Amino acid sequence: MKKISFPFSILLIVVISFQSFSQVTVKNLKCEYLENPIGIDEPHPRFTWQMELEKPGSHQTAYELVVGTTETEVALGRGDMWESGEVNSSVIPVLYKGKELEPFTRYFWSVRVKDEEQQWSAWSEPLFFETGMICQHNWKGKWITDTYDFNVKPAAYFRRAFRTDKTIRSARVYIAAAGLYELSINGQRIGDHRLDPSYTRFDRRNLYVTYDVTAALQQGNNAVGVLLGNGWYNHQSTAVWYFDKAPWRARPKFCLDLHITYSDGTKEIIATDEQWRTSPSPVIFNSIYTAEHYDARKEQPGWDTPEFDAGQWNNIYTTGAPSNNIVAQALHPIRNVREYKPVSLKQIDASTWLYDFGQNMSGVTRIRVEGPEGTTIWLKHVERLDSAGRADMSNIDVHYRPTDESDPFQTDILILSGKKEDEFMPRFNYKGFQYVEVTADKPLNLTTENLTAYFMHSDVPPVGSINSSNLTLNKVWAASNASYLSNLFSYPTDCPQREKNGWTGDAHIAIETGLYNFDGITVYEKWLADHRDEQQPNGVLPAIIPSSGWGYQWANGPDWTSTIAIIPWNIYLFYGDTRLLELCYDNIKRYVNHIDEHYPSGLTDWGLGDWVPVKSVSSKEYTSSTYFYIDALILAKTARLFGKTEDADHYFALAEKIRTAINEKYLDYETGIYGSGLQTELSVALHWGLVPEELRSKVADNLAKRVIADKKHIDVGLLGTKTILNALSENGYAQLAYEVASQETYPSWGWWIVNGATTFYENWSLDAKSDISLNHIMFGEINAWYYKALGGIFPDEQAPGFKNILLKPNFVEGLSHFEATHEGPYGNIISSWKRKGKTIEYHVTVPANSSATLCLKGKSIREKNAPLEKNKLIEVREKGQNQYILGLKAGSYTFSIK
């Protein structure tokens, strides 16, 4: 083997370069909070990354970011679209500020960072983002459908065959639909998304999705297939929400552009036009609300392949676009995320089987079964069983108003072909269920292998975890997450079975639970766009969003529709990103102004109140006025953030006026009692900052006394669940809060768990007569409370996005160990503690490029058995009696507390 030698000078340069870069690295690079997204319309995309914690105290002092069209150039730190130059900043996200982005273009980007020792990292391996349509006029396809009659039941197939004689370099499909679709090319289903495109107010905004289909195409003959379903666009089922009367309702339609780039640089677009053909599919009925029916006898094998003879298919109809606003869907998609096998199977009689999947969930089931031609199978999905052990739908069909028996609730229907083993999984529906009762009209032999369940939801990445010595606590956390995910379908819903509605109150109560556990910004940004679509010119929002028109006259009001302010503000706190606040600023302002105009005293009774309380009913005027105060305060803070001084002054004054009006009517200054002294009334005042500072301890004492009088059990509804535990733990009663949170007798979260719950219920009582869904997230704040009170992890309003972390753990009796982790924008935060005799050992990890303010209580506190002052990464900011406030740089620490 020939020996290769290098000049010493080159070796020296290589060694010096390696040493310069080896200590600083970046990871987890994203654009628009997605990894290598394609088909985005955003003209100023956001870039984020994290620094590796190479050594204690690591932080970014500057960055350089480049964007270009050539990957090799970007890898070297050169970009023909944007070179930021050295920017002295440690804050993310970073907004693109380069040349105007062109449609249908792949751009590469790379970043390097400088650390506190002025060392630069190497340029990151280039990542990419790809633009989509950007402008409406770039669409070439026509909107097409199979009929103008929205009463037609079968879903339609569409296909287009074409030929390519050149070598294909790349190909993209851009598809927009009013309704739902599944896309296939040459017999292969494209992608793993479910229920695309996401639900919007169809007559005001529609979404399109982009797919890289290079690998699916071939030189020669090709065929594109689309199966089109109803979704929320053509709601054929009838229920109290009147979606069948929606102003947009029509037969589903779609528009598709297939862009092909050949190896010689030429391009071609195959678009929807009169050359497409259509035919009824085996999906003989589909309803997002109820179920799906499938007749395997009507299958057309190979319908989406080039060889298929479509001579008997029908011509398509061209039609108008559902709206003039077709924009990119840039969010984590809905998927079948987890598969479940049955934990038990019981044959009830010769034609009926009951499957139990052991977990309440949102999603679908897949059945594989062989039987005589024409055999009809009903798959009835339910959350609970009746006293005879049969499927019980009485808790979830309360709002359904069927006109006949052809569309049974949550019941798929399959008709067998008799030619093979038939396979069926709904394409355009999902349900809420744990049990499936299968009934056939002819003899079958079913086993546990025939039926599989899929937990379906928006596939948001998990970013948090909880673990403790209390098994019920752990199960409460898991059940809360299961309910949160079961109600996340590109918008937050209330329940996956009875309604599937985007109830605003449920969503803002659960916002911290969602953000501590999941990277949900893309879903919330989409949903707040729905808010902007639904808001009336006078500022009013409906109670459910999106809405066909229901909810503008009832169930809305500040205690519910404060989502317009609360969710953007929490996104800002958790991500340090101002974009959603910027987009919603005028909407928040219109909303607050509307309430102010109609309720000039500062008090309003507009709203639903403390929904589904245990027993005590708090004043609706009091709670609704409090949310009016919250909205005005968020608006004032946002105005200050954006330098809108006049607005800030006005809305700070308005907030103080509302606060004063509430206190004058509802606070007894002498006793420190709000209203009737109920748990909700006292905790709302403490948590949301209504209480005058000099009365805070007295009000907190009153709350503690009330909770003790209630035998350390909750007596709250929806609004009170947000505040009760937080108000106690943040005002000196963390131990009492834990005792309330860890109860396992009625009423409590633990009561559900010890009675077999795997998700959160809609009512505290197991035998309630109404509001009895078994999969609701509305009481889910306890999940976020674990992170805040026990883990002590809070975002810092002064340095949001966990740039600085506020750490205020409470080492409560009754737990021997507790751990909370949360991956914020800068990296993974760990706060864990365990008891060792009379000593608490507390471990905390602060990620690179961030810091923390830690509050610890104890007579003696040491770090790694050394005085705090000896650690150069710890600043003792305040030292009082049994309390230390410490400033921590990035790194891992272990404290001993006595």
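This text goes with the structure placed above it.
My aim in this report is to walk through the structure given alongside it, one point at a time.

Calculation notes
Residues numbered from 1 in each chain as written. Predicted model: local features only at pLDDT ≥ 70, side-chain atom pairs only at ≥ 80, totals over all residues. Heavy atoms only, no water. Helix = DSSP H or I, 4+ residues; strand = E, 2+ residues; numbered from the N terminus. Salt bridge = Lys/Arg side-chain N within 4 Å of Asp/Glu carboxyl O. Buried < 20%, exposed > 50% of the residue type's maximum accessible area, 1.4 Å probe, protein only. Axes fitted to C-alpha atoms, helices over the stretch in contact; angles between N-to-C directions. Parallel < 35°, antiparallel > 145°, perpendicular 65-115°, else oblique. Left-handed = near helix turned anticlockwise from the far one by under 90°. Contact = heavy atoms within 4.5 Å. Nonpolar A, V, L, I, M, F, W, Y, C, P; charged D, E, K, R; others polar. Pairing = 2+ DSSP bridges. 1 Å grid on protein atoms, 1.4 Å probe; cavity = no way out; pocket = protein on both sides within 12 Å on 5 of 7 lines; lining within 4 Å. Points joined across faces, edges and corners; volume = space filled by probe spheres on them. Phe/Tyr/Trp six-rings, centres within 6.5 Å; stacked < 30°, edge-to-face > 60°. Lys NZ or Arg CZ within 6 Å of the ring centre and 35° of its normal.

**As for unusual backbone geometry**
Cis geometry is adopted by the peptide bond preceding P93, which originates at I92 and carries an omega value of 5°. Backbone geometry places Y242, a non-glycine residue, at a positive phi of 60°. As for its placement among the helices and strands, Y242 is situated in the loop between β15 (220-229) and β16 (253-262).

**Here we look at the pattern of salt bridges**
Evaluation of the coordinates by the stated rule reveals 55 salt bridges. In this structure, the salt-bridge partner of D519 is K30, at a minimum N-O distance of 3.5 Å. One end of the pair, D519, is in the loop between α5 (511-517) and α6 (521-534); the other, K30, is in strand β1 (residues 26-31), and 489 residues separate them in sequence. Judged by relative accessible area, D519 falls into the buried class, the value being 7%. With a closest N to O distance of 2.8 Å, E781 and K788 form a salt bridge. Each member of the salt-bridge network shares a partner with another, and the members are E32, E42, R46, E525, D577 and R579.

**Overview of the packing of helix α9 (residues 579-598) against helix α10 (residues 620-641)**
Contact geometry for α9 and α10: axes closest at 10 Å, N-to-C directions at 140°. Of the possible angle classes, the one that applies to α9 and α10 is oblique. Where α9 crosses over α10, the two elements pack in a sense that is left-handed. Contacts between α9 and α10 pair L581, Y585, I588, K589, Y591, V592, I595 and D596 from the former with F628, D631, A632, L635, T638, A639 and L641 from the latter. Across the contact of α9 with α10, the residue classes break down as 11 nonpolar, 1 polar and 3 charged.

**Some details on the sheet that holds strand β3 (residues 46-51)**
What the 3 strands build is an open sheet, ordered β1-β3-β6; its pairing is antiparallel. A single partner strand is all that each edge strand has here, and the edge strands are β1 and β6 (94-95). When β3 meets β6, the two strands line up antiparallel, connected through 2 bridges. In the strand pairing of β6, F47 is matched with V94.

**Quick word on the sheet that holds strand β41 (residues 839-846)**
The antiparallel open sheet is built from 6 strands, whose spatial order is β34-β39-β40-β41-β46-β43. Edge strands, defined here as strands with exactly one partner in the open sheet, are β34 (464-468) and β43 (861-863). Averaged over all pairs of adjacent strands, the angle between their axes in this sheet comes to 15°, without regard to strand direction. The pairing of strand β39 (residues 817-824) with strand β40 (residues 827-836) spans 8 bridges and is antiparallel. Directly across from E823, in β40, lies its bridge partner N828.

**So, empty space enclosed by the protein**
Under the definition given, this model contains 5 cavities of 30 Å³ or more. Put simply, the largest cavity is a space of about 120 Å³. Lining the largest cavity we find 15 residues, and of these L180, L195, Y199, W232 and I288 sit closest to its centre. Split into classes, the residues belonging to the lining of the largest cavity amount to 11 nonpolar, 4 polar and no charged. By volume, the second largest cavity is sized at about 70 Å³.

**Brief notes about the packing of aromatic side chains**
Any pair of aromatic rings gets described here by the distance separating the centres and the angle formed by the planes. Under the defined criterion, the tally for this structure stands at 56 aromatic pairs. Judged by centre distance (5.6 Å) and plane angle (55°), the rings of F811 and Y842 are tilted. With a gap of 31 residues between them, F811 in the loop between β38 (804-807) and β39 and Y842 in strand β41 connect regions that are remote in the sequence. Residue class for F811 comes out buried when judged on its relative accessible area of 18%. Among the aromatic residues, ring-to-ring pairing joins Y199, F202, W232, Y233, F243, W248 and Y491 into one connected group. One Lys or Arg, R106, reaches over the ring of F128 and ends 3.6 Å from the middle of that ring.

**Looking at the pairing of β15**
In terms of residue burial, β15 counts as a mostly covered element, since 9 of its 10 residues are buried. Both strand β10 (residues 156-164) and β15 contribute to a ladder of 9 bridges, which runs antiparallel. Paired with A161 across the two strands is A223, which belongs to β15. In terms of strand pairing, strand β12 (residues 180-185) meets β15 through 6 bridges, oriented antiparallel. Residue E182 lies in a different strand from β15, and its bridge partner there is L227.

**Considerations on helix α14 (residues 718-729)**
Across the 12 residues of α14, 12 count as buried, placing the element largely inside the fold. For α14, the full list of buried residues reads L718, L719, G720, T721, K722, T723, I724, L725, N726, A727, L728 and S729.

**Focus: the layout of surface pockets**
By volume, the largest pocket is sized at about 930 Å³. As for the largest pocket, its lining consists of 33 residues, and the residues nearest its centre are L573, H687, W688, E730 and E797. Put simply, the parts of the chain that give the lining of the largest pocket at least two residues each are α5, α8 (563-575), α10, α12 (679-687), α14, β37 (793-795) and β42 (851-857). Residue classes in the lining of the largest pocket are distributed as 17 nonpolar, 7 polar and 9 charged.

**With respect to the environment of K864**
Structurally, the position occupied by K864 is in the loop between β43 and β44 (874-880). Since its relative accessible area comes to 59%, K864 is described here as exposed. K864 sits 403 residues away from P461 along the chain, and the two C-alpha atoms are 34 Å apart.

**Thoughts on the packing of helix α15 (residues 734-741) against helix α17 (residues 781-790)**
Helix-helix packing is described using two parameters, namely the angle between the two axes and the distance between the axes. At a closest axis distance of 12 Å, the pairing of α15 and α17 adopts a crossing angle of 150°. Here α15 lies roughly antiparallel to α17, going by the angle between them. Regarding α15 and α17, the two cross each other, and that crossing is left-handed. Facing α15, whose interface residues are A737, Y738 and A741, α17 presents I782, W785 and L790. Per-class residue counts for the contact of α15 with α17 are 6 nonpolar, no polar and no charged.

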